[in-house]
Amino acid sequence: MGKYILDNLKLIKEDSLKIGLRNRSFLYGDGFFESIRVINKKTINLYYHQKRIEKSLKYLMFDLNIDFTNFNEKLEELIKKNNIADGIIKVIVFRDSLGKYFPFSNKSRIIIQSQKCNNTFNEVNKGLKLGLFLNEKKIAGVISNFKTTSSILYVLASIYSKKNNFDDVLILNNDNLVIESTNSNLFIFKQNKLITPPISDGCIDGTFRSFIVENFNVIEKSITLDEINEADELFLTNSVSGIRRVGKFLKRRYESKELTNNLLKEALDYLYLQS
């Protein structure tokens, strides 16, 4: 049996999907995406994904009305059809119109895929090894908060990270403030205070970030490289991996891990109760 996807929330076989060469996401990066975690056949943190989808549709001016009750039911149907116990749902939205930079209309299309992967949310890792990407810097602006399909900066940073044997690299904005990694939001513990960069500094408005900010005592303030080196603990968050502790940034080692591990346990207990 072939693998299934959702095309405008209609279940079809993946190999029957048709996307032309005039696709605006392909030509101009005119789209955005969401990655939603599935654990034990349930979507995790779905409320924050829905909020970000709504915000993305509005700000990026995509003409697509989504009934989230029906949306959730369709995700459940896809998970069941593809037998996804643990995995990832990827939602891609793009403007489905002719035109060049100026689209003839804002009519949009939504495609939803799924894939299986192991559940690593509960794992306390040994500590990521992070580097610093300086070849390009991210402009701090509202559009920088969205997960658009124009992701070349993250691609280049990921290539740099791999070439230099890092697990990930931190990215700076145009004011030389540390804002995120290639695929995650950044949090630091400093003097028992939990701090993360504000989205006004240009980081992705991450769904797992939103969950932590709204449910824990978090200070949103700009973070400098000096503060990274002065921090007691660092961790990264994203919707696929959850919370990952940082063990080393360049030459700085972070031996402490108690605060991060405690937060991980509390966050997962709360998320599983809500899912």
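Residues numbered from 1 in each chain as written. Predicted model: local features only at pLDDT ≥ 70, side-chain atom pairs only at ≥ 80, totals over all residues. Heavy atoms only, no water.

K.L.:
Talk me through the side chain of N238; I want residue IDs and the actual numbers.
P.N.:
Following the sequence through the fold, N238 ends up in strand 13 (residues 233-238). For N238, a relative accessible area of 12% puts it in the buried group. Those residues in contact with N238, other than ones at most four positions away along the chain, are N183, S184, F208 and R244. (Helix = DSSP H or I, 4+ residues; strand = E, 2+ residues; numbered from the N terminus. Buried < 20%, exposed > 50% of the residue type's maximum accessible area, 1.4 Å probe, protein only. Contact = heavy atoms within 4.5 Å.)

K.L.:
Help me get a handle on unusual backbone geometry, residues and values and all.
P.N.:
Phi is positive for Q191, which is not a glycine, with a value near 50°. Mapped onto the elements, Q191 comes out in the loop between strand 10 (185-190) and strand 11 (193-196). For L250, which is not a glycine, the phi torsion comes out positive at approximately 55°. Summarising the element assignment, L250 is placed in the loop between strand 14 (242-249) and strand 15 (252-253).

K.L.:
Describe in detail the packing of aromatic side chains, supporting the description with residues and values.
P.N.:
Throughout the structure, instances matching the rule amount to twelve aromatic pairs. Ring centres of F211 and F216 lie 6.2 Å apart, and the angle between their planes is 80°; on these two criteria the pair is classed as edge-to-face. Like F216, F211 is buried. Relative to Y270, the ring of F211 lies with its centre 5.7 Å away and its plane at 35°, an arrangement referred to as tilted. (Phe/Tyr/Trp six-rings, centres within 6.5 Å; stacked < 30°, edge-to-face > 60°.)

K.L.:
An account of the pattern of salt bridges is needed here, citing residue identities and associated values.
P.N.:
Counted according to the given criterion, the structure contains twelve salt bridges. A salt bridge links K51 to E214; the nearest nitrogen and oxygen atoms lie 3.5 Å apart. In this pair, K51 is assigned in helix 2 (residues 46-59) and E214 in helix 5 (residues 207-215), connecting sequence segments 163 residues apart. Overall, K51 belongs to the partly exposed group, its relative accessible area being 33%. Each of R24, D30 and R95 takes part in one network of salt bridges that share partners. (Salt bridge = Lys/Arg side-chain N within 4 Å of Asp/Glu carboxyl O.)

Function cannot be inferred from these measures alone, as they are strictly geometric.
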